[in-house]
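# Examination of the molecular architecture
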Amino acid sequence: MKFRLVIPLLLLILFINSLHAQKTADSILNEAYEQATLENKNVLIIFHASWCSWCKKLDENLNNEKIKSFFDNNYVIKHLTVDESKDKKHLETPGAYSFLVKYMGKKAGLPFWLIFDKNRGLIGNSYGSNGKNLGCPSSEKEIIDFKKTLKKTSHLTEEELTIIGDVFLIKKKTK
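These figures come from a predicted structure and were not determined experimentally. (Residues numbered from 1 in each chain as written. Predicted model: local features only at pLDDT ≥ 70, side-chain atom pairs only at ≥ 80, totals over all residues. Heavy atoms only, no water.)

## Points about the overall build of the protein chain
A tally of regular secondary structure across the protein chain gives seven helices and four strands. Taken from the N to the C terminus, the helices and strands of the protein chain come in the order α-α-β-α-α-β-α-β-β-α-α. Residue burial in the protein chain is summarised as follows: out of 175 residues, 38% are buried. By sequence separation, contacts in the protein chain at least 24 residues apart represent 64% of the contacts at least 6 residues apart. As displayed, the protein chain offers around 11,100 Å² of accessible surface, 57% of which is attributable to carbon and sulfur atoms. (Helix = DSSP H or I, 4+ residues; strand = E, 2+ residues; numbered from the N terminus. Buried < 20%, exposed > 50% of the residue type's maximum accessible area, 1.4 Å probe, protein only. Contact = heavy atoms within 4.5 Å. Areas by Shrake-Rupley, 256 points an atom, 1.4 Å probe, with all protein chains shown as cover.)

## Considering empty space enclosed by the protein
Following the criterion strictly, the structure yields one cavity of 30 Å³ or more and no others. In this structure, the largest cavity occupies an estimated 40 Å³ of space. Contributing to the lining of the largest cavity are Leu44, Ile46, Leu58, Leu62, Phe71, Trp113 and Phe146. Breaking the lining of the largest cavity down by element, the ones donating at least two residues are strand 1 (42-48) and helix 3 (53-62). In terms of residue class, the lining of the largest cavity is made up of seven nonpolar, no polar and no charged. (1 Å grid on protein atoms, 1.4 Å probe; cavity = no way out; pocket = protein on both sides within 12 Å on 5 of 7 lines; lining within 4 Å. Points joined across faces, edges and corners; volume = space filled by probe spheres on them. Nonpolar A, V, L, I, M, F, W, Y, C, P; charged D, E, K, R; others polar.)

If you want it as structure tokens, here you go:
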């Protein structure tokens, strides 16, 4: 009889531990700010979802070997998962949606990003000069806005910003 109670109790404990194992938005942000303070960098927070092709493209570009070090040298980059489909809600970062809403990203679409200084002050976001979310910038106009934000929030040189623009620009095929 006691053995029958032990197994459900162990399963319950494992389930509760798994709930606590997923990091919250607050814990991710706190770690990012601590690291940014130690490394004298700013914090780039990217809101994304597993289904989002533009989110994947943004990550692909940020990890491009031509520019990855530019971002790594200037930013602590963290991802917060939001807006998952019903069957993947478990992937969402607890507390991330509230953070997204707080910084006016609720209706922006994904990816949506914010840049904070090491003291938690907002110093940049993914809204372009036209008031629309740049997300993963790909047009010349979006890249101009993106580079302005990067210039304002980093120590990137003009040469580095040009290379970043080249990586992000999606060239239209001519007929």
